[in-house]
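For reference, the chains in residue letters:
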Amino acid sequence: MWARVKGKTENALLAMPFASAVMFRPAFIQPQHGIVTKTKLYRVFYAVLGPFYPIWRALVPKYVTTHDEVGRAMLEVAKRGAPARVLENRDINTIASPPS
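Trainee: Quick question: what am I supposed to make of the nonpolar core here?
Mentor: One recurring pattern in soluble globular proteins is that nonpolar side chains are buried together. Counting residues in each nonpolar core, the largest one holds 8 residues, listed as F24, V70, A73, V77, L87, I92, I95 and A96. Secondary structure elements with two or more residues in this core: α4 (67-80) and α5 (89-96). Those residues within four positions of L87 in sequence are excluded, and the remaining contacts are V22, M23, F24, R25, V77, A82, I92 and I95.

Structure, rendered in structure tokens:
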């Protein structure tokens, strides 16, 4: 249900005349700094799979991110714009990374 609602919302925003509407589509977001979801199912999910985050980050970095990286990417997009109107997880991580 939420994916359908998110999709409809994204399509509606992209159809509007906003020059800077950007859609963020993160995959697995690893919470940090003691943040815990209120949803019981997600708490169990993160408790079981969260410890494997470093392995996932090494093996499939395009599918994992942290909430800090999502926040940094959002700030960068607000300041400098985005390379595309739809940003997948890989794009979010690239934008969030400091320039080398």
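Right, picking up where we left off after that structure.
Trainee: Could you clarify how one ought to interpret the pattern of salt bridges in this entry?
Mentor: Pairing of side chains with opposite charge becomes possible as their charged atoms draw close. Per the counting criterion, the structure on display carries 6 salt bridges. The residue R80 makes a salt bridge to E76 at a minimum N-O spacing of 2.7 Å. With R80 and E76 both in helix α4 and 4 residues apart, this pair spans about one turn of that helix. Relative accessible area serves as the criterion here: at 62%, R80 is assigned to the exposed category. Relative accessible area serves as the criterion here: at 24%, E76 is assigned to the partly exposed category.

Trainee: Quick question: what am I supposed to make of a nonpolar patch on the surface here?
Mentor: A surface patch of nonpolar side chains, amounting to about 500 Å² of accessible area, comprises F52, I55, L59, V60 and Y63. With respect to the helices, strands and loops of the structure, I55 is situated in helix α3 (residues 53-59). For I55, a relative accessible area of 45% gives the class partly exposed.

Trainee: Teacher, can you tell me more about unusual backbone geometry here?
Mentor: We note that H33 has phi near 60°; this positive angle belongs to a residue other than glycine. Mapped onto the secondary structure, H33 falls in the loop between β2 (28-30) and α2 (40-49). For H33, a relative accessible area of 65% puts it in the exposed group.

Reading the values: the criteria
Residues numbered from 1 in each chain as written. Predicted model: local features only at pLDDT ≥ 70, side-chain atom pairs only at ≥ 80, totals over all residues. Heavy atoms only, no water. Core = buried A, V, L, I, M, F, W, Y, C linked by side-chain atoms within 4.5 Å. Buried < 20%, exposed > 50% of the residue type's maximum accessible area, 1.4 Å probe, protein only. Helix = DSSP H or I, 4+ residues; strand = E, 2+ residues; numbered from the N terminus. Contact = heavy atoms within 4.5 Å. Salt bridge = Lys/Arg side-chain N within 4 Å of Asp/Glu carboxyl O. Patch = residues over 30% accessible without salt bridge, like charges linked within 9 Å, V, L, I, M, F, W, Y side chains within 5 Å. Areas by Shrake-Rupley, 256 points an atom, 1.4 Å probe, with all protein chains shown as cover.

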